[in-house]
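Secondary and tertiary structure notes
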Amino acid sequence: MQNYLLLFSLLALNAHATPTPTPLERGRYLSQAIAACANCHTPQGPSGPLAAKTLAGGTDYSGPGFQAYAANITPDRETGIGRWSDAQIITAIREGKRPDGSVIGPPMPVGMYRGISDRDMAAIVTYLRSVPAVKNKVPKSVYHFPLPPNYGPPLGRVAEVPVADKIAYGRYLAGPLGHCVECHSAPGADGAPDVVHNLGTGGVIFKGPWGMTVSPNITPSNLARYSDQELKRIITMGIRPDGTQVRPPMGVSYYAGMRSQELTALVAYLRQLPSK
Ligand code: HEC
Ligand code: HEC
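These numbers were taken from a predicted model, which means no experiment stands behind them. (Residues numbered from 1 in each chain as written. Chains lettered and ligands numbered in written order. Predicted model: local features only at pLDDT ≥ 70, side-chain atom pairs only at ≥ 80, totals over all residues. Heavy atoms only, no water.)

Overview of the coordination of the iron atom of ligand 1
- Taken together, the protein donors to the iron atom of ligand 1 comprise His41 (NE2) and Met108 (SD), at separations of 2.0 to 2.2 Å.
- Around the iron atom of ligand 1 sit 6 donor atoms; with metal-centred angles ranging over 87 to 179°, the donor geometry is octahedral. A residue pair is termed long-range when its members are at least 10 positions apart, and His41 in helix H3 (residues 37-41) and Met108 in the loop between helix H4 (86-95) and helix H5 (110-113) qualify at 67 residues.
- The class of His41 is buried, set by a relative accessible area of 10%.
- Judged by relative accessible area, which is 24%, Met108 ranks as partly exposed. (Donors = N, O, S within 2.8 Å, 3.2 Å for Na, K, Ca; no water. Tetrahedral: all angles 85-135°; square planar, octahedral: opposite > 155°, others 65-115°. Helix = DSSP H or I, 4+ residues; strand = E, 2+ residues; numbered from the N terminus. Buried < 20%, exposed > 50% of the residue type's maximum accessible area, 1.4 Å probe, protein only.)

In structure tokens:
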């Protein structure tokens, strides 16, 4: 009898171990794992991201025709986003418009972030409000080409994607939340990744302190040679079966924090992409 009671209380404990996350927990998880905001917004030192400058911006993302600097997205009131309302922060992330009306440019993945659900977006904002404010004045980005007036019509409600729908949730992770497909789709005529015609083809060139890397194809024509286990290891540990390491800017150290259910959905989604 006592054993049954013990078993029962252990089961009860277990059920309590995974309660619905609070908005702060959900926002922290999304930002630090799949969305990897810090991969761009936290400046890097010789041995990785500078913890004291978490999300304080300043990294130079200049490319052909533009000098872009990751913004300070800490709650600092002078140099960060501390004066912006929740609604203004959400409009900046999902629609690419700052409170002063100016448009946010690449490589901030606004086109992808349009698909982040209202609930997840609110959770991310809750998390951004919770990080320490860091004073760090970032230079203004300069684009020598016209930025689009907007990234689409004003957003209404963006509905939740049910976790139970594996492929749909995998698509949500690979697109809106993780922008995997933005880094892994070859540019179209306008120079921006063409996620409609070149979805998953790879072929985007990245230059940085790591030298130069080119994103590989992530459709089955390349990924079929990996088992699910191998693919998850590549994404979360950056090690291919032949022992070679995946180099930046692939956000491996962030994806290491992904939960297994989400990783499984992500892999299932990649597996069913049309081979390119
Ligand atoms: C691929 C790199 C990249 C990723 C990933 C990224 N950002 Fe950005 N973000 C930028 C750059 C670069 C800018 C500045 C663009 C400009 O100056 O027009 C920016 C601008 C912003 C701004 C506008 C701030 C301001 O003062 O202008 C906000 C807010 C923001 N990002 C939030 C986020 C959040 C939240 C995430 C994660 C969900 C995220 N970003 C992920 C590169 C990135
Ligand atoms: C900021 C751009 C960027 C993002 C975001 C990104 N990747 Fe990558 N990825 C790369 C680059 C670049 C490489 C190749 C690095 C190298 O040369 O080692 C790579 C490598 C890979 C590989 C190795 C394939 C092989 O055969 O070598 C896989 C698989 C992969 N990425 C999947 C993903 C998935 C899934 C996501 C989203 C969770 C993602 N990537 C997000 C840029 C990115």
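Having seen the structure, we can now continue with the description.
Points about the domain arrangement of the protein chain
- Under the domain assignment, the protein chain is made up of domain 1 (21-160) and domain 2 (161-276).
- Taken over C-alpha atoms, the centre of domain 1 sits 21 Å from the centre of domain 2.
- The interface of domain 1 with domain 2 comprises 21 residues on the first partner and 21 residues on the second.
- Both faces combined, the contact of domain 1 with domain 2 buries some 1800 Å², and carbon together with sulfur accounts for 59% of it.
- Applying the counting rule to domain 1 against domain 2 returns 1 salt bridge.
- Glu262 serves as the salt-bridge partner of Arg26, at 3.7 Å between the closest nitrogen and oxygen.
- Here domain 1 is connected to domain 2 by 7 residue pairs in polar contact (both at pLDDT 80 or more).
- Among the elements of the structure, helix H2 (23-32), H3 and H5 are those that each provide at least two residues to the side of domain 1 that touches domain 2.
- When residues in the side of domain 1 that touches domain 2 are grouped by element, the largest group, 4 residues, is from H2.
- Of the residues assigned to the side of domain 1 that touches domain 2, the class counts are 14 nonpolar, 4 polar and 3 charged. (Domains from an automatic or database assignment. Contact = heavy atoms within 4.5 Å. Buried area = accessible area lost by both parts, 1.4 Å probe. Salt bridge = Lys/Arg side-chain N within 4 Å of Asp/Glu carboxyl O. Polar contact = N/O pair within 3.5 Å; in protein donor to acceptor, adjacent residues only side chain to side chain. Nonpolar A, V, L, I, M, F, W, Y, C, P; charged D, E, K, R; others polar.)

Structural notes on the site of ligand 2
- Among the 28 residues in the neighbourhood of ligand 2, the closest are listed as Cys180, Cys183, His184, Arg240 and Met250.
- The separation between an oxygen atom of ligand 2 and a polar side-chain atom of Arg240 is 2.5 Å.
- Within the backbone of Arg247, a nitrogen or oxygen atom sits 2.8 Å from an oxygen atom of ligand 2.
- Among the elements of the structure, helix H8 (180-183), strand S6 (211-214), helix H9 (220-223), helix H10 (228-237) and helix H12 (260-271) are those that each provide at least two residues to the shell around ligand 2.
- For the shell around ligand 2, the element with the most residues is H10, which contributes 3 residues.
- Taken together, the residues of the shell around ligand 2 sort by class into 18 nonpolar, 7 polar and 3 charged. (Near = heavy atom within 4 Å.)

Some thoughts on the confidence of the model for the protein chain
- Residues of the protein chain with pLDDT of at least 70 account for 93%, and the chain-wide mean is 93.
- Per-residue pLDDT stays below 50 along residues 7-12; that stretch engages in 0 contacts with residues further than four places along the chain or on separate chains. (pLDDT = per-residue confidence, 0-100.)

Considerations on the coordination of the iron atom of ligand 2
- With distances of 2.1 to 2.2 Å, the protein atoms coordinating the iron atom of ligand 2 are His184 (NE2) and Met250 (SD).
- For the iron atom of ligand 2, the 6 donor atoms in the first shell make angles of 85 to 180° at the metal, so the coordination geometry reads as octahedral. Highlighted residues: His184 in the loop between H8 and strand S5 (205-208) and Met250 in the loop between H10 and helix H11 (252-255), separated in sequence by 66 residues.
- You can call Met250 partly exposed: its relative accessible area is 28%.

Here we look at empty space enclosed by the protein
- A full pass over the atoms with the stated rule returns 1 cavity of 30 Å³ or more.
- Looking at the largest cavity, its volume works out to about 30 Å³.
- As for the largest cavity, its lining consists of Ile73, Thr74, Pro75, Ile81, Ile89, Val125, Leu128 and Arg129.
- The greatest single-element share of the lining of the largest cavity, amounting to 3 residues, is contributed by helix H6 (residues 118-130).
- Looking at the lining of the largest cavity residue by residue, the classes come out as 6 nonpolar, 1 polar and 1 charged. (1 Å grid on protein atoms, 1.4 Å probe; cavity = no way out; pocket = protein on both sides within 12 Å on 5 of 7 lines; lining within 4 Å. Points joined across faces, edges and corners; volume = space filled by probe spheres on them.)

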